[in-house]
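Given next are the chains, with one letter for each unit.
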Amino acid sequence: MATFQRHRLTPWILLAPQLAVIAVFFFWPAAQAIVQAFYIEDPFGLGHEFVWFENFARIFTSFEYLRALGVTALFSVSVAVGAMSLALLLAVQADRVIHGAHSYKTLLIWPYAVAPAVAGVLWMFMFDPNLGLLSAGLENLGIGWNHRVNGGQAMLLVILASIWKQMSYNFVFFLAGLQSIPKSLLEAAAIDGAGPWRRFWTVTFPLLSPTSFFLLVMNSVYVFFETFGTIDATTGGGPGGATRTLVYKVYEDGFEGYDLGSSAAQSVILLILVGLLTLLQFRYIERKVQY
Amino acid sequence: MMRFTTSTLALGVACASVSLSAHAATEIEWWHAMGGELGDKIDEIAEEFNDSQSDYEIKPSFRGDYSETMTSAIAAFRADEAPAIVQIFEVGTATMMAAEGATYPVHELMNDHGADFDPDAYLPAVTGYYTSSDGDMLSLPFNSSTPVVYANRDILAEAGVDDVPETWEELGDVLTQVVESDAASCGMTTTWPSWIQLENFSARHDIPFASEENGFGGLDARLQINETAAVDHIQRLKDWQEDDRFRYDGRFDEAAPAFYTGRCALLMASSASLAGVRANAEDFEFSVNPLPYSSEVIDEPQNSIIGGASLWVMRGKSDEEYEGIAEFFSYLSSPEVQADWHQFSGYLPITNAAYELSQEQNFYEENPGTDVSIEQMTATEPTENSKGIRLGNMVQIRDVVEEELENIFSDEVEVQEGMDNAVERSNDLLERFQRANS
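Within each chain, residues carry numbers counting from 1 in the order of the written sequence. The naming scheme follows written order: chains are lettered A onward, ligands numbered 1 onward. Only residues with pLDDT of at least 70 are given local features in this predicted model, and only at 80 or more are side-chain atom pairs given and counted; all residues enter the totals for whole chains, interfaces and linings. Working from all heavy atoms in the structure, the side-chain values ignore hydrogens and water.

Draft legend 1. Molecular detail of the layout of surface pockets. Of the two site types, the cavity is a set of points on a 1 Å grid over the protein atoms alone where a 1.4 Å probe fits but cannot get out, and the pocket is an open set with protein on both sides within 12 Å along at least five of seven lines, each lined by residues with an atom within 4 Å of a point. Grid points are joined across faces, edges and corners, and a volume is the space filled by probe spheres set on the points. Taken as a whole, the second largest pocket holds about 940 Å³ of empty space. Forming the boundary of the second largest pocket are 27 residues, of which Pro29(A), Ala33(A), Phe255(A), Ser263(A) and Ser267(A) lie nearest the centre. Strands here are runs of E lasting at least two residues and helices are runs of H or I lasting at least four, both read from the DSSP assignment and numbered beginning at the N terminus. Elements with a contribution of two residues or more to the lining of the second largest pocket: helix H2 (9-36), helix H13 (246-256) and helix H14 (260-285) of chain A together with helix H3 (66-78) of chain B. It is H2(A) that contributes the most residues to the lining of the second largest pocket, nine residues altogether.

Draft legend 2. Structural context of the state of the cysteines. All names here are of chain B. Two cysteine sulfurs form a disulfide in these notes if their separation is within 2.5 Å. Applying the stated criterion across every chain, the model contains one disulfide over all chains. Across the disulfide, Cys-186 is cross-linked to Cys-264 (sulfur-sulfur distance 2.0 Å). Its S-S torsion of approximately 100° makes the covalent link between Cys-186 and Cys-264 right-handed. Here the residue Cys-186 occupies a position in strand S7 (residues 186-190), and Cys-264 occupies one in strand S9 (residues 264-270), the gap between them amounting to 78 residues.

Draft legend 3. Geometry of empty space enclosed by the protein. For the structure on display, the rule yields three cavities of 30 Å³ or more. Considering only enclosed or pocket space, the largest cavity measures out at about 120 Å³ in volume. Along its surface, the largest cavity is lined by 14 residues, and Glu41(A), Tyr258(A), Asp259(A), Asn393(B) and Ala436(B) are the ones closest to its centre. The leading source of residues in the lining of the largest cavity is helix H20 (residues 415-436) of chain B, at three residues. Amino acids are sorted into nonpolar (Ala, Val, Leu, Ile, Met, Phe, Trp, Tyr, Cys and Pro), charged (Asp, Glu, Lys and Arg) and polar (every other residue, Gly among them). Of the residues contributing to the lining of the largest cavity, the split by class is six nonpolar, four polar and four charged.

Draft legend 4. Structural detail: the interface of chain B and chain A. The contact criterion used is simple: two residues touch if any of their non-hydrogen atoms lie within 4.5 Å. Each partner contributes to the interface: chain B provides 41 residues, whereas chain A provides 35 residues. Here the buried area means the combined drop in accessible surface, using a 1.4 Å probe, for two parts upon being joined, counting both sides. Buried area between chain B and chain A, summed over both chains or domains, comes out near 3,100 Å², and the portion from carbon and sulfur atoms is 47%. On the chain B side of the contact with chain A, Arg78(B), Arg432(B) and Arg435(B) bury the most area, a combined 23% of that side's loss. Salt bridge criterion: a side-chain nitrogen from Lys or Arg within 4 Å of a carboxyl oxygen from Asp or Glu. The interface formed by chain B and chain A includes nine salt bridges. Two N or O atoms form a polar contact when they lie within 3.5 Å of each other; inside protein one atom must be a possible hydrogen donor and the other a possible acceptor, and for residues adjacent in sequence the pair counts only when both atoms belong to side chains. Linking chain B with chain A are 19 residue pairs in polar contact (both at pLDDT 80 or more). For the side of chain B that touches chain A, the secondary-structure elements that each account for two or more residues are H3, helix H4 (93-98), helix H12 (256-260), helix H19 (394-409) and H20 of chain B. By residue number, the principal contributor to the side of chain B that touches chain A is H19(B), which donates eight residues. Considering only residue class, the side of chain B that touches chain A consists of 14 nonpolar, twelve polar and 15 charged.

Draft legend 5. Local environment of the pairing of S9(B). All names here are of chain B. Extensive coverage of S9 is indicated by the burial of seven of its seven residues. When DSSP finds at least two bridges between two strands, those strands are taken to pair. Direction of pairing for S7 relative to S9: parallel, over a ladder of four bridges. Across the sheet, the residue bridging to Cys-186 is Cys-264, located in S9. Burial classes follow relative accessibility: with a 1.4 Å probe on protein chains only, a residue under 20% of its type's maximum area counts as buried, one over 50% as exposed, and anything between as partly exposed.

Draft legend 6. Quick peek at unusual backbone geometry. Following Gly238(A), the chain continues to Pro239(A) via a peptide bond in cis, the omega torsion being -10°. Summarising the element assignment, Pro239(A) is placed in the loop between helix H12 (228-234) and H13. Of note, Asn214(B) is a non-glycine position whose phi angle comes to about 60°, a positive value.

Draft legend 7. Looking closely at the packing of helix H4 (residues 63-96) of chain A against helix H11 (residues 209-226) of chain A. Residue and element names in this part refer to chain A. In contact at an axis separation of 9 Å, H4 and H11 are set at 140° when each is read in the N-to-C sense. What the angle tells us is that H4 and H11 run oblique. Crossing angle aside, the handedness with which H4 passes H11 is right-handed. Together, Thr-72, Phe-75, Ser-76, Val-79, Ala-80, Ala-83 and Met-84 of H4 and Ser-212, Leu-215, Leu-216, Asn-219, Tyr-222, Val-223 and Phe-224 of H11 make up the contact between the two elements. Split by residue class, the contact of H4 with H11 holds ten nonpolar, four polar and no charged. Only C-alpha atoms enter the line fits that serve as axes; for helices the fit covers just the stretch in contact. Angles between N-to-C directions range over 0 to 180 degrees. The cut-offs work like this: below 35 degrees is roughly parallel, past 145 is roughly antiparallel, 65 to 115 is roughly perpendicular, and the gaps in between are oblique. Helix crossings get a hand from a simple test, with the near helix turned counterclockwise from the far one by less than a right angle marking a left-handed crossing and a clockwise turn marking a right-handed one.

Draft legend 8. Region of the structure containing the UniProt feature "transmembrane region" (unreviewed entry) in chain A. All names here are of chain A. Per the UniProt record, "transmembrane region" (unreviewed entry) is found at residues 12-31, 68-92, 104-126, 154-178, 199-225 and 264-285. Secondary structure over residues 68-92 splits into 100% helix and 0% strand, and the C-alpha atoms at its two ends are 35 Å apart. Between the end C-alpha atoms of residues 154-178 the distance is 35 Å, and the span holds 100% helix and 0% strand. UniProt positions are given in the numbering used here, feature names are shortened, and annotations may be inferred rather than shown by experiment.

Draft legend 9. Region of the structure containing the UniProt feature "domain: ABC transmembrane type-1" (unreviewed entry) in chain A. The UniProt record annotates "domain: ABC transmembrane type-1" (unreviewed entry) at residues 69-281 of chain A. End C-alpha atoms of residues 69-281 of chain A are separated by 19 Å, and the span's content is 77% helix alongside 0% strand.

Draft legend 10. Here's a closer look at the nonpolar core. The nonpolar core is taken to be a set of buried Ala, Val, Leu, Ile, Met, Phe, Trp, Tyr and Cys residues, with the residues joined through side-chain atoms within 4.5 Å. Counting residues in hydrophobic clusters, the biggest one holds 122 residues, and the most contacted among them are Ile85(B), Leu223(B), Phe329(B) and Leu391(B). It is H19(B) that provides the largest number of residues to this core, a total of eight residues. Once you skip the residues sitting within four places of it in the chain, Leu223(B) turns out to touch Phe209(B), Ala210(B), Leu391(B), Ile397(B), Val401(B), Ala422(B), Val423(B), Ser426(B), Asn427(B) and Leu430(B). Counting 43 residues, the second-largest nonpolar core is a separate cluster that includes Val79(A), Phe200(A), Val247(A) and Val274(A).

Draft legend 11. Region of interest: the sheet that holds S7(B). Taken in spatial order, the five strands make up an open sheet running S8-S7-S9-S6-S10 (chain B), and their pairing is mixed. For this open sheet the edge positions go to strand S8 (246-247) and strand S10 (286-289) of chain B, each flanked by a neighbour on one side alone.

Draft legend 12. Structural context of helix H8 (residues 151-179) of chain A. All names here are of chain A. Helices are assigned an expected span. That span is 1.5 Å times one less than the residue count. With 29 residues, H8 extends 41 Å between its outermost C-alpha atoms, agreeing within 8% with the 42 Å of an ideal straight helix rising 1.5 Å per residue. Helix geometry: H8 is bent most strongly at Met-167, by close to 30°. N-capping of H8 is provided by Asn-150, with a side-chain oxygen placed 3.0 Å from the backbone N of Gly-152. Bend at a residue means the angle formed by two fitted axes: the first through the 7 residues ending at that position, the second through the 7 residues beginning there.

Draft legend 13. The arrangement of the pairing of S7(B) in detail. Residue and element names in this part refer to chain B. Among the five residues in S7, five count as buried, and that is most of the element. As paired elements, S7 and S8 share two bridges and run parallel to each other. Looking at the pairing, Met-188 lines up with Phe-246 of S8.

Draft legend 14. Expanded view of the environment of Ala203(B). Residue and element names in this part refer to chain B. Assignment of secondary structure puts Ala-203 in helix H9 (residues 193-204). The sequence separation of Ala-203 and Ile-389 amounts to 186 residues, and the corresponding C-alpha distance is 9.4 Å. Apart from residues no more than four positions distant in its own chain, Ala-203 is found in contact with Gln-302, Asn-303, Ile-305, Asn-385 and Ser-386.

Draft legend 15. Quick peek at the pattern of salt bridges. By the definition in use, this model includes 26 salt bridges over all chains. For Glu252(A), the salt bridge is made with Arg244(A), and the minimal N-O distance between the two is 3.1 Å. Of the two residues, Glu252(A) and Arg244(A), both sit in the buried class. One salt-bridge network, in which partners are shared between bridges, spans Glu64(A), Arg244(A), Glu252(A), Glu403(B), Glu404(B) and Arg425(B).

Draft legend 16. Main features of a negative patch on the surface. Candidates for patches are residues over 30% relative accessible area with no salt bridge; among them, like charges are joined within 9 Å and nonpolar side chains (Val, Leu, Ile, Met, Phe, Trp, Tyr) within 5 Å. Per-residue accessibility takes into account occlusion by the displayed protein chains alone, with areas from the Shrake-Rupley method and a 1.4 Å probe. Two residue types count as positive, namely Lys and Arg, and two as negative, namely Asp and Glu; His and chain ends fall outside the count. In plain terms, the charge of a residue is placed at NZ if it is Lys, CZ if Arg, CG if Asp and CD if Glu. A contiguous patch of negative charge, built from Glu37(B), Asp40(B), Asp43(B), Glu47(B), Glu48(B) and Asp51(B), is present on the exposed surface. Tracing the backbone through its elements, the reader meets Asp40(B) in helix H2 (residues 36-52).

Draft legend 17. Local environment of the side chain of Glu402(B). All names here are of chain B. Here Glu-402 shows up in helix H19. It turns out Glu-402 is buried and unbridged, and the closest side chain with the opposite charge, Arg-398, is 5.3 Å from it. Here the side chain of Glu-402 touches Ser-194 through a polar contact of 3.2 Å, landing on its backbone nitrogen. When sequence neighbours within four positions are dropped, the list of residues in contact with Glu-402 reads Trp-192, Pro-193, Ser-194 and Arg-251.

Shown next, in the form of structure tokens:
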């Protein structure tokens, strides 16, 4: 203990590279965003006006922002729940396969190697109202598919594409978690007369809880920030803002509308929101996790 | 062996001195948004200019789509790394113009650096969009187009229609005939709905899109599309959508395939889409027709307005560079270069001389349909309603308008309500722009 206390500087030196990276790529831009959120500025930065909380006030009274909030809530829950439950199902199935297990696993992990924008383009082509194979198929079944004018279809499309993209990541972790569960526990439960369903819920699922919790946090971050590329390539937030999530609105207002003040204020709100959400997850859900 | 080495050495020295002299030339950066074949054409134009003299070297570089090019130019300006010339789409005009410390108006540049510059040589319908209210040219029009109608003549013939009507009223009857005879499952579709069905609709009927001469008169302009015949027009499209005479197919160019595949009989799209239509319409005859007008609103239609992009010059460069830019712009405006670009790309010529040269070369006779847009643009003198649109935050305003149109076409809101929303939200953006720039 005493030996450790003498090296007060060493931990800091060891942490320095990581801290420097965080400072340059997170703290500095975040601080700039906070400052920017209190100004109205022209795009070229030639003149600016300090406006206190006006940018924030405008955001919270804007119908479009509140709508984006609602869209984000629906989208996040659907994608996180969908991506995690499907991945769990596939992982459990893949864990049982003996012949050709390797190829199954490789195929299931594959989508993770696809960039979000590429995934978006892929889905866009399949469902393009004029050229898409799947939309043509749907039309033959009597279902008119045009996500450029039908908000519900557009939402379904971005949810499906985002789930498909994230499922592999979840799959890898669930599979690793499943494989680390001692077979003896499951065998003991089987001897005690528990069926497969019971074994899963009373033995496997609780033992997977650290993995599930980790994935819940990662998936929340994913749906809030990393689905941008998919949305941009499939629907562009449309029609009429039906698939415009909070992060997409930050991008639209900042990079297409050059409204830097409002865009910065929205980033700050988003930062606080995701921070709070993560805090809540750690505070309440982590208690139920059994390590 | 020895001789071979000497000649290699001589060649090496020659190459070195060539590259040395190339480096002595003043480099001028030109950021643009033209990918594919048009991008290659730009490289070719720059190369020909560079070969024609030895003092300046234009260096074009592709920066993504219009929006990305503008964003990166703005970010570069903030970091003191701006290019000398940047291609900005027409809706970015007011933003560039308001940034007085950042941009160098073309008329000033040409006067300051001694280039022989005659503003009257340019087509007013094209340059009008990019001039100040005093008539001074702010940026050099580069690629301009205007909306026209592409018609699938095979479908029309099958429905028993001989001609593409000139008015919206007659068009309604014709499209009913098309849909009811099952010649096609959809009557017409449109690309760029805000640009074609609102901005151009207003210009063609000489009604304001916004107050203050569509924004040319000052920063306090506000949208007026919720109180003009534009509302009736959107109502018409909405009614047509009910009985398949109209199909909504996205905010940009996504509607074009609906025409290529024969789903829709008519397509309203940019005149610069002609090459694309020609390449994709292999299975059917098509014709290019002027944009219709409503005979209930106007007797003789006005000119339509342009879309596309222009070249802006950024401040903070050396005098030498500006002299080079002035020389390059003169070169770019010369009849030969212009006519070549116009004929290759399908964009409108920017000078009278280039138009006349193309006529002399029999270009329009050999390529039917290419002159429809020019005639539509030049048939009348532009009025204050048909000169163009000059609104701050126009990029966002167009997004807002497209969004509200989508809400209308997806039955979220009634037509009047949607148009009111579009105006209210846009006016909010205009107020904000006015504050940030005054």
